[in-house]
Amino acid sequence: MPAAPSAFLTPALALSMAFAAALVLGLLLKFWLASRQIRHVARHRNAVPAAFAGHISLAAHQKAARYTLAKAQLGLIEMALGAAVLLGWTLLGGLNALNHGLLEWLGGGMVQQLALLACFVLIGSLIELPLTLYQTFVIEQRFGFNQMTWRLWLADALKSTLVGVVIGLPLAATVLWLMGAAGPWWWLWAWGLWMGFNLLLMVIYPMWIAPLFNQFQPLNDEALKTRVTALMERCGFKAQGLFVMDGSRRSAHANAYFTGFGAAKRVVFYDTLLRQLTPGEVEAVLAHELGHFHHRHIAKRMVMLFALSLVGFALLGWLATQAWFYTGLGVQPSLALLVPSASAAPNDALALLLFLLVVPVFTVFLGPLLAQFSRRDEFQADAYAMRQANGADLASALLKLYKDNASTLTPDPVYVRFYYSHPPASERLARMPLVPPQTAA
């Protein structure tokens, strides 16, 4: 009597089918959302929304639409390329071929595993390079945002590579060592290492890494310094200093942010932001950022990161011991996993890479949930800013930033719910007192 069809559905085959289905469905969903965004922005580009008619000119509105459409169309190519590359690494055998090639060259051991991780990152970066360059030197250049020269871009690339080697390789080597030496609970030790590294990075990044790429000068506008210092004192916030970053070296986009952890906290203003906003508007933007600290949004996000990463490491700890996890994703693991008594090269680097490749495919619907939490936090920070500073200044600052950064005022509502970490302008400004309409420029 023939076996039932389900008897042939091995765990490896089930994983292959589930992965392929999730990859295709996720790609279709993302294409559908992107096409909605493109159609919606294009349909509304010829008229400024009534609420903004006195503040944003038609020319600025149409520039934002063109910029949004250009980025969205490039995004379609990136999505298709990303799916093809992912399929190539997994079910089509790319990662398996790379691993076996390095095994033949280097043999098993830590050097081969680190070489596998390094080659994977290098190949992925080279594949993405043409689109990255197009984004910077074509799209950003076309809309007047790019200030980066080829020389500066190359210097940044070299510095980023050096930082990745100096920090990333020792971290990866430690995780791989734990996977091989710490027993079945290695994942708990690795999780602790990862969390400690993230906390340490928050301290060392503003002091040692960020200055490799940008210059940070103390804020020397005494009137503005007095104003924002008084705001921080009212809010009970202490920082190591107020700094101005030369963001204009690379882009005309404006921003401000907090960085660091504990005593290393810093307030950083882009020089482009200080050129575009009045002192009252700068104070309002800073009050918004302070709202995140008042409501402990940063701490809550860190706790969420800790919890999600703990689940991830625990899942990896189990999957790394399952042969079907490798074979179902197009990789032939070393003999040690298939025959426990055999002596062979470890599969730890393979497990790490496969996990990092596959998890985003199966967790695509976490994105909208996290984006919803983030939008809620932004509304809370806006409300706090309006209590600590002038609400009209906050509205005016947001209007300038939306205009100067060419952010569309008419995004597709469904696209917003899925992707936007910040509420769209129409929703944020509806809760604020708008400045009196002026002649839009």
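These figures come from a predicted structure and were not determined experimentally.

1. Overview of the overall build of the chain
Here is step 1: A count of helices and strands for the chain gives 17 helices and four strands.
Here is step 2: Computed over its C-alpha atoms, the radius of gyration of the chain comes to 25 Å, within 12% of the 22 Å expected for a compact globule of 441 residues.
Here is step 3: By its C-alpha atoms, the chain is 80 × 50 × 40 Å across when sized along the principal axes.
Here is step 4: When contacts within the chain are restricted to residue pairs at least 6 apart in sequence, those whose partners lie at least 24 apart make up 76%.
Here is step 5: Total accessible area on the chain is roughly 22400 Å²; 67% of this is exposed by carbon and sulfur atoms.
Here is step 6: Within the chain, one finds 31 positive and 21 negative side-chain charges whose respective centroids are separated by 4 Å.

2. Points about the sheet that holds strand β4 (residues 266–270)
Here is step 1: Taken together, four strands build an open sheet; the order of strands is β1-β2-β4-β3 and the sheet is mixed. With partners counted over all chains shown, the strands left at the sheet margins are β1 (216–218) and β3 (256–259), one partner each. Here the average twist between neighbouring strands, direction ignored, is 30°.
Here is step 2: Pairing between β1 and strand β2 (residues 242–245): three bridges, direction antiparallel. Bridged to Phe 216 within β2 is Met 245.
Here is step 3: Sheet strands in contact with helix α9 (residues 279–294) are β3 and β4, and its direction is about 35° off that of β3.

3. A short note on the pattern of salt bridges
Here is step 1: Taken as a whole and judged by the stated rule, the model has twelve salt bridges.
Here is step 2: Between Asp 377 and Arg 301 there is a salt bridge, with its nearest N and O atoms 3.3 Å apart. Taken together, the residues Asp 377 in helix α14 (residues 366–388) and Arg 301 in helix α10 (residues 297–319) connect sequence positions 76 residues apart.
Here is step 3: Since its relative accessible area comes to 36%, Arg 301 is described here as partly exposed.
Here is step 4: In this structure, Asp 382 and Arg 428 form a salt bridge, with 2.8 Å as the shortest nitrogen-oxygen distance.

4. Side note on the packing of aromatic side chains
Aromatic ring pairs are described here by two measures, namely the spacing of the ring centres and the angle between the planes.
Here is step 1: This model, assessed by the stated rule, comprises 14 aromatic pairs.
Here is step 2: Judged by centre distance (5.6 Å) and plane angle (35°), the rings of Trp 185 and Trp 187 are tilted.
Here is step 3: Trp 185 gets classed as exposed once you look at its relative accessible area, which sits at 53%.
Here is step 4: The buried category is assigned to Trp 187, whose relative accessible area is 15%.
Here is step 5: Through a chain of ring-to-ring contacts, three or more aromatic side chains come together here, namely Tyr 415, Phe 418, Tyr 419 and Tyr 420.

5. A look at empty space enclosed by the protein
Here is step 1: Summed over the entire model, instances satisfying the criterion amount to two cavities of 30 Å³ or more.
Here is step 2: Considered as a void within the structure, the largest cavity measures approximately 60 Å³ in volume.
Here is step 3: Taken together, Ile 56, Ala 60, His 61, Ala 64, Leu 399, Tyr 402, Lys 403, Ala 406, Ser 407 and Leu 409 make up the full set of residues lining the largest cavity.
Here is step 4: Among the elements of the structure, α2 (58–89) and α15 (391–404) are those that each provide at least two residues to the lining of the largest cavity.
Here is step 5: Considering only residue class, the lining of the largest cavity consists of seven nonpolar, two polar and one charged.
Here is step 6: Space inside the second largest cavity adds up to approximately 40 Å³.
Here is step 7: For the second largest cavity, the lining is made up of eleven residues, of which Asn 99, Leu 103, Ser 334, Pro 346 and Asn 347 are closest to its centre.

6. Topic: the layout of surface pockets
Here is step 1: If you add up the space inside the second largest pocket, you get close to 370 Å³.
Here is step 2: In this structure, the second largest pocket is lined by 16 residues; those nearest its centre are Gly 82, Val 85, Gly 124, Ile 127 and Glu 128.
Here is step 3: Elements with a contribution of two residues or more to the lining of the second largest pocket: α2 and α4 (110–142).
Here is step 4: Residue contributions to the lining of the second largest pocket peak at nine residues, all from α4.
Here is step 5: In the lining of the second largest pocket, the residues fall into nine nonpolar, five polar and two charged.

7. As for the UniProt feature "transmembrane region" (unreviewed entry) in the chain
Here is step 1: The sites that UniProt annotates as "transmembrane region" (unreviewed entry) are residues 12–33, 76–95, 115–139, 160–180, 186–208, 303–329 and 349–371.
Here is step 2: Measuring from the first to the last C-alpha atom of residues 349–371 gives 31 Å, for a span that is 87% helix and 0% strand.

8. Examining the nonpolar core
Here is step 1: Counting residues in each nonpolar core, the largest one holds 46 residues, and the members touching the most others are Phe 52, Val 267, Phe 269, Leu 273, Leu 286, Leu 290 and Leu 429.
Here is step 2: Secondary-structure elements contributing two or more residues to this core are α7 (222–234), β2, β3, β4, α9, α14, α15 and α17 (425–429).
Here is step 3: A total of seven residues in this core trace back to one element, the largest contributor, which is α15.
Here is step 4: Among all residues touching Phe 269, those that are not within four sequence positions of it are Leu 219, Phe 243, Val 244, Met 245, Asn 255, Ala 256, Leu 274, Val 282 and Leu 286.
Here is step 5: Counting 42 residues, the second largest nonpolar core, distinct from the first, contains Ala 172, Leu 178, Ala 351 and Val 358.

9. What to know about the packing of α9 against α10
Here is step 1: Contact geometry of α9 with α10 gives a least axis separation of 5 Å together with a crossing angle of 50°. On the basis of their axis angle, the class for α9 and α10 is oblique. Residues Gly 291, His 292 and Phe 293 of α9 form the contact with α10, whose participating residues are His 297, Ile 298 and Arg 301.
Here is step 2: Per-class residue counts for the contact of α9 with α10 are two nonpolar, three polar and one charged.

10. So, α7
Here is step 1: Over its 13 residues, α7 runs 18 Å from end to end, which matches the ideal 18 Å to within 8%, given 1.5 Å per residue.
Here is step 2: Among the residues of α7, Leu 224, Val 228, Leu 231 and Met 232 are the ones counted as buried. Angular distribution of buried residues about the axis of α7 spans 95°; they occupy a single face of the element. In α7, the exposed residues that point more than 90 degrees away from the buried face are Ala 223, Thr 226 and Glu 233.
Here is step 3: The inward-facing, buried residues of α7 contact β2, β4, α8 (271–276), α9 and α14.
Here is step 4: Where α7 begins, one side-chain oxygen reaches toward the backbone nitrogen of Ala 223, 3.2 Å away; that side chain belongs to Asp 221.
Here is step 5: Just downstream of α7, Gly 236 is the residue with a positive phi angle, here 70°.

Conventions we followed
Residues numbered from 1 in each chain as written. Predicted model: local features only at pLDDT ≥ 70, side-chain atom pairs only at ≥ 80, totals over all residues. Heavy atoms only, no water. Helix = DSSP H or I, 4+ residues; strand = E, 2+ residues; numbered from the N terminus. Rg over C-alpha atoms; globule rule 2.2 N^0.38 Å. Contact = heavy atoms within 4.5 Å. Areas by Shrake-Rupley, 256 points an atom, 1.4 Å probe, with all protein chains shown as cover. Lys, Arg positive; Asp, Glu negative; His and termini not counted. Charge placed at Lys NZ, Arg CZ, Asp CG, Glu CD. Pairing = 2+ DSSP bridges. Axes fitted to C-alpha atoms, helices over the stretch in contact; angles between N-to-C directions. Salt bridge = Lys/Arg side-chain N within 4 Å of Asp/Glu carboxyl O. Buried < 20%, exposed > 50% of the residue type's maximum accessible area, 1.4 Å probe, protein only. Phe/Tyr/Trp six-rings, centres within 6.5 Å; stacked < 30°, edge-to-face > 60°. 1 Å grid on protein atoms, 1.4 Å probe; cavity = no way out; pocket = protein on both sides within 12 Å on 5 of 7 lines; lining within 4 Å. Points joined across faces, edges and corners; volume = space filled by probe spheres on them. Nonpolar A, V, L, I, M, F, W, Y, C, P; charged D, E, K, R; others polar. UniProt positions renumbered as here; feature names shortened; annotations may be inferred. Core = buried A, V, L, I, M, F, W, Y, C linked by side-chain atoms within 4.5 Å. Parallel < 35°, antiparallel > 145°, perpendicular 65-115°, else oblique. Expected span 1.5 Å × (residues − 1). Arc of directions from axis to C-beta. Polar contact = N/O pair within 3.5 Å; in protein donor to acceptor, adjacent residues only side chain to side chain.

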